Structures are given as C-alpha cells and as structure tokens.
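Take a look at the letters that make up each chain.
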Amino acid sequence: MRKDGKIRWIEHVCQPVTDTQGRFLGVRAGNRDITIRKETEEALRKSEQLLLQAHKMDAIGRLAAGVAHEINNPLAIINEKAGLMKDFLELSEDSNGNKEKFLSLLNAIFESVTRCRTITHRLLGFSRRTDVSRDIINLNDALREVIGFVEKEVLFRNITLGLHLREDLPSV
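The sections below set out a description of the structure shown in this document. All figures in this text were calculated on a predicted structure; none of them were measured in a lab.

Of the regular secondary structure elements, the protein chain holds 3 helices and 2 strands. The helix and strand sequence of the protein chain, counted from the amino end, reads β-β-α-α-α. Taken over C-alpha atoms, the radius of gyration comes to 33 Å for the protein chain, far larger than the 16 Å a tight globule of 172 residues would show. The dimensions of the protein chain, computed from C-alpha atoms along their principal axes, are 115 × 45 × 35 Å. For the protein chain, buried positions account for 13% of its 172 residues. Within the protein chain, the 25 negative side-chain charges are centred at a point lying 11 Å from the centre of the 27 positive side-chain charges.

Next comes the structure, spelled out in structure tokens:
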C-alpha cells in the first residue's frame, strides 16, 4: 500500500543463482508493479458480468414477449366469443329470468380480458417490443396502476398496503 492509501499489486520473482557446478551462490529477485494489469483484469471481469446480465435480460424480454403473444391469441378468442354471447343474450327475451345474471357474468369476463390485456401489454413493454412514447401522466393514476399490477401478490403474501395520494398533484 502506498502512502496515499492506494493499493498497488507487486509481482515478486525469485530465482536461485548457481555456479557451473550447480552450487548455490544466492538468489536473484525482482519486483514488478502489476497494478494496471490487475485493474484491467477486474474491469474485464465486471464487463463480462454486465454482458452476462444483459444477455439474461434479453432472454427474459424475449420470453416475456413470447408469453404475452401466447396469452393474447386465446384472449382474443375469449373476448370475441363473449361478445357474441352478449349480443345473442341482449337480443333474446328473458324467459327464465337469468338474463341480467348472464350479462353480469359476461361483463366479468370482459373485465378479466381487459386485465389480462393490460398485463400482456406490460410484458410486451418490458420486452421493448412496443413503441416507446413520452406522455403526460397523472402520478396518482400511475401509482394505482402499479399497485394493481402487484395487488394479487400483496394479498397472497398477507401484506397490508396503504395508499395515501394527494389529488392535487400536477401531471408530469
């Protein structure tokens, strides 16, 4: 360690010195400052770790995009069939008194489809497969959306989450 507190790496090499008959005469030693090499090796190691992390994130992004597309396809069919059922139900007579109940159930399906679409849209956003745009947002709405995204996990883990928002916050 130097006087200024910086750590220096020193490589020390020792070799025996002998005469022509092989008798030991002494030691030849040398020191070399290898601090730059060690710092370069450490920088390379950190760069390799960052590259590995970037590859992992890329793989997760591709996986997220694939999952989102796999969910969107059956979701579109569910939404289409539920819409068709709703159209038939609205055009039919309420002979058995269950029309409102069935319409309510169909509305629950539409809400679930909308929630799933929001989730898949977030997955696609995570994978950077959607266009990024700058928009003016309401911070309270953004916080509510984030809370909605983790709400099931919070309930599952029995966590109490309090949300106190100021309604007079400006949009950003």
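Past the structure itself, the notes keep going.
Relative to strand 2 (residues 24-33), strand 1 (residues 10-18) runs antiparallel, the two sharing 9 bridges. Bridge pairing links E11 to R32 in strand 2. Between strand 1 and strand 2, which pair antiparallel in sequence order, lie 5 residues; one of them, G22, sits at a positive phi of approximately 90°.

Backbone geometry at N158 places phi at a positive 55°, although glycine is not the residue there. With respect to the helices, strands and loops of the structure, N158 is situated in the segment after helix 3 (139-156).

Moving on, we come to helix 3. For helix 3, which comprises 18 residues, the first-to-last C-alpha distance of 26 Å matches the rise-based estimate of 26 Å (1.5 Å per residue) to within 8%. V150 marks the point of greatest bend in helix 3, at about 50°. When helix 3 is considered as a whole, its buried residues turn out to be N140, G148 and V154. Capping of helix 3 at its N-terminal end is provided by N138; its side-chain oxygen lies 2.8 Å from the backbone amide nitrogen of N140. Just beyond helix 3, the residue with positive phi is N158, at close to 55°.

Let us look at the packing of aromatic side chains. The full count for this structure, using the stated rule, is 0 aromatic pairs. Positioned over the ring face of W9 is K38, at 4.8 Å from the centre of the ring.

All right, on to a nonpolar patch on the surface then. Where nonpolar side chains cluster on the molecular surface, the patch consists of I137, L139, L169 and V172 and spans about 290 Å² of accessible area. With respect to the helices, strands and loops of the structure, V172 is situated in the segment after helix 3. Its relative accessible area of 52% is what places V172 among the exposed residues.

To continue, consider the nonpolar core. Most often, soluble globular proteins keep nonpolar side chains buried together rather than apart. Among the nonpolar cores identified, the biggest contains 5 residues, and these are A82, L89, L103, L106 and F110. In terms of residues, this core owes the most to one element, helix 2 (residues 99-126), which gives 3 residues. Leaving out residues up to four positions away in the same chain, L103 has contacts with K86, L89 and E90.

Rules used in this analysis
- Residues numbered from 1 in each chain as written.
- Predicted model: local features only at pLDDT ≥ 70, side-chain atom pairs only at ≥ 80, totals over all residues.
- Heavy atoms only, no water.
- Helix = DSSP H or I, 4+ residues; strand = E, 2+ residues; numbered from the N terminus.
- Rg over C-alpha atoms; globule rule 2.2 N^0.38 Å.
- Buried < 20%, exposed > 50% of the residue type's maximum accessible area, 1.4 Å probe, protein only.
- Lys, Arg positive; Asp, Glu negative; His and termini not counted.
- Charge placed at Lys NZ, Arg CZ, Asp CG, Glu CD.
- Pairing = 2+ DSSP bridges.
- Expected span 1.5 Å × (residues − 1).
- Bend = angle between axes of the 7 residues up to and from the residue.
- Polar contact = N/O pair within 3.5 Å; in protein donor to acceptor, adjacent residues only side chain to side chain.
- Phe/Tyr/Trp six-rings, centres within 6.5 Å; stacked < 30°, edge-to-face > 60°.
- Lys NZ or Arg CZ within 6 Å of the ring centre and 35° of its normal.
- Patch = residues over 30% accessible without salt bridge, like charges linked within 9 Å, V, L, I, M, F, W, Y side chains within 5 Å.
- Areas by Shrake-Rupley, 256 points an atom, 1.4 Å probe, with all protein chains shown as cover.
- Salt bridge = Lys/Arg side-chain N within 4 Å of Asp/Glu carboxyl O.
- Core = buried A, V, L, I, M, F, W, Y, C linked by side-chain atoms within 4.5 Å.
- Contact = heavy atoms within 4.5 Å.

Treat this as a map of the structure, not an account of what it does.
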